[in-house]
Amino acid sequence: MSDARQYKIGLLGCGTVGGGLVELVNRNRSLIRERTGVDLTFTRILVRNLDRERPGVDRNLLTVHPEKVINNGCDIVVELIGGLEPARGFIRNALSRHKHVVTANKALLALDGSSLLGAAAREGVQFGFEASVCGGIPIIHALQNGLRGNKIHSITGILNGTCNYILSRMEDGFDFADALREAQQKGFAESDPSLDIDGDDAAQKLKILSELAFDGSIGSGSVETRGIREIKAGDVLNASRHGYVIKHIAIAEAREERVSLRVGPALLPKSHQLAAVRDENNAVLVNADAAGEVLFYGKGAGSLPSASAVLSDVIEIATQRKADLRVPTRSLDTVQGKEGNRSYLGFTVAHANAVFSIPSMLESCGVSVISSDVSSDNAGKPNHIGIFADAPVKRALRTALHSISDLGLSQGKPTVVTVAC
Ligand code: HSE
């Protein structure tokens with residue numbers, strides 16, 4: 001197409017996602033030109049280290065000076081550095097120069113999303129963040145557009161690819177540390193993987209989705225957050241024997257004028273829609289008043305899936321098809337989420353007798369033991385007990401766990417995973 005309109009991208013960051021964006025634009029440039037009449041090019045690309053090998057990236061475009069990217073004739077600034085600073089300063093600088101901005105920065109959006117959207121609206125520019133949640137799954141777009149006429153009742157999702165990868169590998173018999181190492185080697189994990197395994201990454205993503213779904217800003221610290229650190233391969237096997245999988249689940253529910261948000265491990269029956277989501281895949285189940293249940297599934301992490309999401313924002317903005325910015329105008333109150341009574345409890349036992357003492361301690365505190373599975377080491381000595389228990393009063397379970405720990409019946413932190421209702 002000879003009359004294609006040039007559209008110039010200033011790119012901040014050329015790591016996993018930035019490199020993926022360059023590769024994807026190079027690969028699909030003519031296809032995009034034919035479909036949209038827009039010819040995408042990069043003006044400059046900000047990197048930290050000019051000497052690093054970056055196959056497929058034109059070295060002449062690289063710079064270590066942010067100003068040369070932001071203030072050098074580009075139409076749009078794409079921020080793929082991540083983290084709070086200097087990314088926030090770069091974005092604010094770009095907005096103040098009336099540049100459209102696209103970012104994948106979930107940490108920044110979870111903390112400061114409303115104010116950045118407000119700044120973009122004041123400058124009369126667009127602000128895209130599809131890549132901040134669930135990599136290649138167009139869930140932001142779905143909430144902003146496809147489900148726009150719906151009242152959203154709830155969102156239930158697997159939002160962290162690293163946790164899902166680790167738990168999937170543990171189903172295959174790997175231990176936690178080896179599974180995490182693999183996720184790091186494959187590039188899914190954050191540079192500080194505690195953000196993944198302690199649940200903060202999923203909490204940030206749930207907050208971003210919830211602000212869109214429930215039309216309001218949500219205060220920081222409003223997501224009840226638990227990770228998967230204490231889960232052992234034995235717990236995953238015990239769950240499986242009883243017909244469950246352990247997943248790291250994010251749940252946001254509208255409760256009258258309030259919302260509850262929580263992320264943490266949960267036992268799902270193997271028949272649940274999210275139970276079959278394995279490896280680094282993500283899934284989001286949206287319950288909406290008109291559309292009913294809508295399930296989104298796909299790769300939630302990785303270079304090209306995330307680049308696909310960035311590129312969709314860039315193309316929408318370049319072709320002026322992006323929906324109006326929805327800047328939250330109210331704050332949402334949060335309330336504690338409701339959990340079911342049944343839990344799975346996993347203990348590494350301190351001595352052989354503890355396999356009897358732990359269930360009787362639970363019972364004596366008012367927690368009903370439904371079943372228990374004892375595992376032994378190679379010498380036949382009991383080393384782990386997995387218990388399904390009902391605790392109608394949560395305080396009873398807390399008291400029992402404290403007593404078990406105080407009496408030295410178990411080693412380390414027990415695994416406590418609620419069975420999803
Ligand atoms: N560390 C993130 C994950 C990357 O594992 O889901 C994608 O946001």
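The structure presented is a predicted model; accordingly, all values stated were derived computationally and were not measured.

A. Structural detail: the domain arrangement of the protein. Taken domain by domain, the protein consists of domain 1 (5–128), domain 2 (139–299) and domain 3 (342–419). Once you take the C-alpha centre of each, domain 2 and domain 3 turn out to be 26 Å apart. Contacts between the two partners involve 14 residues from domain 2, matched on the other side by 15 residues from domain 3. For the pairing of domain 2 and domain 3, the buried interface totals around 1,200 Å² over both sides, and the portion due to carbon and sulfur atoms is 55%. Of all residues in domain 2, the largest losses of buried area upon contact with domain 3 belong to Asn 238, His 242 and Leu 267, amounting jointly to 39% of the total for that side. Counting across the interface, domain 2 meets domain 3 through 1 salt bridge. Between Asp 373 and Arg 241 there is a salt bridge, and its shortest N-O distance comes to 3.9 Å. Where domain 2 packs against domain 3, one counts 8 residue pairs in polar contact (both at pLDDT 80 or more). Of all the secondary-structure elements, those providing two or more residues to the side of domain 2 that touches domain 3 are α10 (233–241), β10 (244–255) and β11 (258–269). When residues in the side of domain 2 that touches domain 3 are grouped by element, the largest group, 4 residues, is from α10.

B. Broad picture of the pattern of salt bridges. Taken as a whole and assessed by the stated rule, the structure comprises 26 salt bridges. Residue Asp 172 is joined to Arg 278 by a salt bridge in which the shortest nitrogen-to-oxygen separation is 3.2 Å. A residue pair is termed long-range when its members are at least 10 positions apart, and Asp 172 in the loop between α6 (161–171) and α7 (176–185) and Arg 278 in the loop between β11 and β12 (281–288) qualify at 106 residues. The class for Arg 278 is partly exposed, based on a relative accessible area of 27%. Ionic contacts of the salt-bridge type, sharing partners, join the residues Arg 169, Glu 171, Asp 172, Glu 182, Arg 278 and Asp 279 into one network.

C. Inspection of the pairing of β10 at higher detail. For β10, the buried fraction is high: 9 of the 12 residues fall into the buried class. The sheet contact formed by strand β7 (residues 152–158) and β10 spans 4 bridges and is antiparallel. Bridging from a neighbouring strand, Gly 157 pairs with Ala 250 of β10. As paired strands, β10 and β11 are joined by 12 bridges and run antiparallel to one another. Residue Ile 246 lies in a different strand from β11, and its bridge partner there is Leu 267.

D. Summary view of the nonpolar core. Core analysis: the largest hydrophobic core is formed by 53 residues, its most contacted members being Phe 127, Ile 139, Ile 152, Leu 209 and Val 284. Both domains that furnish three or more residues to this core are identified here as domain 1 (5–128) and domain 2 (139–299). Phe 127 has contacts with Ile 91, Leu 95, Val 101, Thr 103, Leu 109, Leu 116, Leu 117, Ala 120, Lys 322 and Leu 325, leaving out every residue within four places of it along the chain. Judged by nonpolar contacts, the second largest core, of 31 residues, contains Tyr 7, Leu 21, Leu 40 and Ile 45.

E. Representation of the packing of aromatic side chains in the model. As enumerated under the stated definition, the model contains 4 aromatic pairs in all. Residues Tyr 244 and Phe 388 carry aromatic rings whose centres are separated by 5.7 Å and whose planes lie at 25° to one another, so their mutual orientation is stacked. You can see Tyr 244 sitting in strand β10 and its partner Phe 388 sitting in strand β17 (residues 382–390), a full 144 residues away along the chain. Assigned by exposure class, Tyr 244 and Phe 388 land together as buried. Three or more aromatic residues link up through ring pairs in this structure, and these residues are Tyr 244, Tyr 344 and Phe 388.

F. Up close: the site of the ligand. Taken together, the neighbourhood of the ligand is formed by 13 residues, with Lys 106, Thr 162, Phe 188, Glu 190 and Asp 196 sitting nearest. The separation between an oxygen atom of the ligand and a polar side-chain atom of Lys 205 is 2.9 Å. Bound to the protein, the ligand loses 90% of the 250 Å² it would expose on its own. Of all the secondary structure elements, the ones that give two or more residues to the shell around the ligand are α6 and α9 (200–213). Counted by class, the shell around the ligand contains 4 nonpolar, 4 polar and 5 charged residues.

G. Structural view of helix α12 (residues 354–364). Of the residues making up α12, those classed as buried are Ala 354, Val 355, Ile 358, Pro 359, Met 361 and Leu 362. Looking straight down α12, one finds that the buried residues subtend no more than 155° of arc, so they occupy a single side. In α12, the exposed positions angled more than 90 degrees off the buried face are occupied by Phe 356 and Ser 364. Each element contacted by the buried residues of α12 is listed here: β15 (342–349), β16 (368–376), β17, α13 (394–406) and β18 (410–419). Backbone geometry just downstream of α12 places Gly 366 in the positive-phi region, at approximately 95°.

H. Summary view of the pairing of β11. Within β11, 10 of the 12 residues are buried, leaving the element largely enclosed by the surrounding structure. With 3 bridges connecting them, strand β9 (residues 223–225) and β11 associate as parallel partners. When the sheet's bridge partners are listed, Val 223 is paired in β11 with Leu 261. Count of turn residues in the β10/β11 antiparallel hairpin: 2 residues, of which Glu 256 carries a positive phi of about 55°. Relative to strand β14 (residues 331–334), β11 runs parallel, the two sharing 2 bridges. From the neighbouring strand, Val 259 faces β14, where its bridge partner is Thr 334. When β11 meets β18, the two strands line up parallel, connected through 2 bridges. Across the sheet, the residue bridging to Ala 266 is Thr 418, located in β18.

So, how was this worked out
Residues numbered from 1 in each chain as written. Predicted model: local features only at pLDDT ≥ 70, side-chain atom pairs only at ≥ 80, totals over all residues. Heavy atoms only, no water. Domains from an automatic or database assignment. Contact = heavy atoms within 4.5 Å. Buried area = accessible area lost by both parts, 1.4 Å probe. Salt bridge = Lys/Arg side-chain N within 4 Å of Asp/Glu carboxyl O. Polar contact = N/O pair within 3.5 Å; in protein donor to acceptor, adjacent residues only side chain to side chain. Helix = DSSP H or I, 4+ residues; strand = E, 2+ residues; numbered from the N terminus. Buried < 20%, exposed > 50% of the residue type's maximum accessible area, 1.4 Å probe, protein only. Pairing = 2+ DSSP bridges. Core = buried A, V, L, I, M, F, W, Y, C linked by side-chain atoms within 4.5 Å. Phe/Tyr/Trp six-rings, centres within 6.5 Å; stacked < 30°, edge-to-face > 60°. Near = heavy atom within 4 Å. Areas by Shrake-Rupley, 256 points an atom, 1.4 Å probe, with all protein chains shown as cover. Nonpolar A, V, L, I, M, F, W, Y, C, P; charged D, E, K, R; others polar. Arc of directions from axis to C-beta.

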